[in-house]
Every structure is written in C-alpha cells, then in structure tokens.
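# Fold and geometry: a report
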Amino acid sequence: MESTKKGGAPAAAGADAVETASITHLPTMELPYFDSVEGVDLHTVFHEHSGCFVVRNVFTPELMDRLNTWTEKHLKATENDGNSRHPKQKDKRLINDVIERMCEDDPEMLLEIFNHPTMTHCWDALLGYGRFGAATIHWIEAGGWRQDAHVDYPCHVQSGPYWRDDPQMLRRKFTKYQLNHVLPFFSVQTLVACDAMNAFNGSTEVIPGSHRIEDVDVKILDPKFSAAAEPRFINADLKQGDVLFFNRRLVHRGGHNQSTKRRNALIFQNVWLFGVGQHEFDQEHIRKHITDEEFLERISCPYPINTRNKT
C-alpha cells in the first residue's frame, strides 16, 4: 500500500451539537492507495473503515487518451440530449449512454475497460456480483465550480427529480433500518481518472468514514451539518488511469477546477445482483454490437420475468 492522505481537523466548536456532532467528532481517517488489491480485505476497508480507496495504474495513459478522444467526439453529438449538462452544475457536461454509444464505434475499448479484471474483482468483492447500474462521462469544464456535499443514488435528493428536493421523502420512503443498514451496501461508485486529478483541478473530495454516520443521507442535506463537514474533506490524488472506489453513502463532492483545462472522468455505478440501477440500458441495441457473455451478464437483471411462462 502506498502513502495515504489524512482528513482535516474537526470543525470548530459552536455548531449545533445535536445536528453536527456525528461529523465534527468523526475520527480522522485516511484515503488508502493501493498498487494492487491482491490479498487486500476490500470489504473491511470499504464498509467498516474508510468507505473509499484508490487503486493505482489500473489503466494505461494511452487507453485514457483514447477514451478522452472518444469523449470529445461524443460530447458534440450529445449536446441536444435532455440531460447533457448536470441540472445543478452547468459546467459539468455529461454522456449518460456511454455503453450504448461505445458499443457502436469502439466495442474493443468498451470491453477492455468494463471487463478489466481489477475492476470486476473489486465490484464482486464488495457486492457479491457487481452488475452495471450506470456508466457516465463527467467532463468538467475549465473553471468548473465545486459541487455541494452529497451522497449518491438512490438517495441523491439534490439531483434526482424523483425526490423533488424534499429530504423528508427519504424518511417516508425508507425505514430507518434500510437507510442505515441496507442502502450502504446497495451499490458501489467508481471513478476512472481519464485525466490526472488533484486539488488544483478539482479531484473528488471525500470524507473517509462518513458513510458510517447514522442517517447521513438525510443529515447532509441540512445546511448546519454540511457546513460542519467542510474542514473534513480531502482530495483524492489521482494519476491518469487510477481508479477511485467509494461507497454511495460516503459524503463527497467534485472539487473546484481551478485549471484552464477540462477534467474528465468515467463514472460507474454498480449494484448488487438484484439491485435497481440508475440507467435503463437499451439491451437490444447493445446486444447487436456486443457478444461477450461476461459483459452482457453484468448489464442484465435476472428478474422481473413473465411468470406466466416460468418462474
């Protein structure tokens, strides 16, 4: 394991102790960096400790340059898509149907990235069997501002239209037990650094261990809690081709891109075998271009089926 970066000091006293104690008193943890995950107890690192880790040099810079060239081509083609820019972050450009597009014009690159043994090993170690729930390009323009602190799908109240910006919907739609003991294990978020990323160009900022805070999905939407979290963020330091894995419940945000260049990343959301992914894949279209059974199994869900014919 390589060197690690430690989180900031706890927030100063004076914030509302009832609402913010869980973040201000959160033990300082590290963002682990691994050269290899062979022999690493990923379940403990991910679920019981930091909630995040980086694997170095998963992909070559040459492959990442190829992916960046592909991205530039498709950004133009997606300009008229209804969700080509993030609804609350206008300097974030999106390609949400990466698989459907890449299977057409570069299926070899798609399989090289999506079937990479390090990726599938990590997803399966954390989820049992990691199906693809979504794959999206996040292209942050030069000067792009920092995101608000948040957690991810399915409790993404600040960006998911289903939630109507109403934090209390989380309490109405989920039990307390589900929020704290089921949904932390529901999915894994993965960021592939197509470009090198650090604090200057706004790499992902994380609060290691924050996924273990009770009711954090709801608490992070409270301004006092969010303000108290501010000093705890640390930036992931990623070389081109490094991969950051993090718990969907981890408090995180994209950083401020202070550079004069874009910052590009490929973002995966993976779910367990019977989980509901965020993106509805065009299975028929994908299967016209891809025949690799390992990949096709990861975009498929075993249920629902027509139970009139079989169970």
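See the structure printed just above.
A brief structural summary. Keep in mind that this is a model prediction, so the values were computed, not measured.

About the thresholds
Residues numbered from 1 in each chain as written. Predicted model: local features only at pLDDT ≥ 70, side-chain atom pairs only at ≥ 80, totals over all residues. Heavy atoms only, no water. Phe/Tyr/Trp six-rings, centres within 6.5 Å; stacked < 30°, edge-to-face > 60°. Lys NZ or Arg CZ within 6 Å of the ring centre and 35° of its normal. Core = buried A, V, L, I, M, F, W, Y, C linked by side-chain atoms within 4.5 Å. Buried < 20%, exposed > 50% of the residue type's maximum accessible area, 1.4 Å probe, protein only. Contact = heavy atoms within 4.5 Å. Pairing = 2+ DSSP bridges. Helix = DSSP H or I, 4+ residues; strand = E, 2+ residues; numbered from the N terminus. Salt bridge = Lys/Arg side-chain N within 4 Å of Asp/Glu carboxyl O.

### Let's talk about the packing of aromatic side chains
Within a pair of aromatic rings, the relevant descriptors are the distance that separates the centres and the angle that separates the planes. Per the stated rule, a full pass over the model turns up 15 aromatic pairs. An angle of 80° between the planes, with centres 5.0 Å apart, marks the rings of Tyr-162 and Trp-163 as edge-to-face. Above the ring of Trp-145, the side-chain terminus of Arg-146 is found at 6.0 Å from the ring centroid. Over the ring of Phe-233 we find Arg-253; its NZ or CZ atom is 3.9 Å from the centre of that ring.

### Concerning the nonpolar core
The biggest cluster of nonpolar side chains holds 45 residues, and the ones touching the most others in it are Phe-53, Phe-114, Phe-245, Leu-266, Phe-268 and Phe-295. Dropping the residues within four chain positions of it, Phe-245 is found in contact with Phe-46, Gly-51, Cys-52, Phe-53, Val-55, Met-119, Cys-122, Trp-123, Val-188, Gln-189 and Thr-190.

### Some details on the sheet that holds strand β10 (residues 234–235)
The antiparallel open sheet is built from three strands, whose spatial order is β10-β9-β12. Two strands close off the open sheet at either side, each with one partner strand: β10 and β12 (252–254). Here strand β9 (residues 204–206) pairs with β10 via two bridges, running antiparallel. Each bridged residue has a counterpart across the sheet, and for Val-206 the counterpart in β10 is Ile-234.

### Concerning the pattern of salt bridges
Across all of its chains, the model carries 20 salt bridges by this definition. The partner of Arg-66 in a salt bridge is Asp-106, with the nearest N and O atoms 2.7 Å apart. With Arg-66 in helix α3 (residues 61–77) and Asp-106 in the loop between α4 (98–105) and α5 (107–114), this residue pair connects regions lying 40 residues apart in the sequence. The partly exposed category is assigned to Arg-66, whose relative accessible area is 35%. Across the pair Asp-97 and Arg-101 runs a salt bridge, and its minimum N-O distance is 2.9 Å. Using a relative accessible area of 17% as the deciding quantity, one classes Arg-101 as buried. The network of salt bridges with common partners includes Arg-146, Glu-205, Glu-230 and Arg-253.

### What about unusual backbone geometry?
Note that the residue after Tyr-153, namely Pro-154, is joined by a cis bond; omega there is 10°. With respect to the element layout, Pro-154 can be found in the loop between β7 (131–140) and α7 (168–173). Look at the link from Tyr-303 to Pro-304: it is a cis peptide, with omega at 5°. Secondary-structure assignment places Pro-304 in the segment after α12 (293–298). Positive phi, normally seen in glycine, also occurs at Arg-164, with a value near 50°. Note that Arg-164 resides in the loop between β7 and α7.

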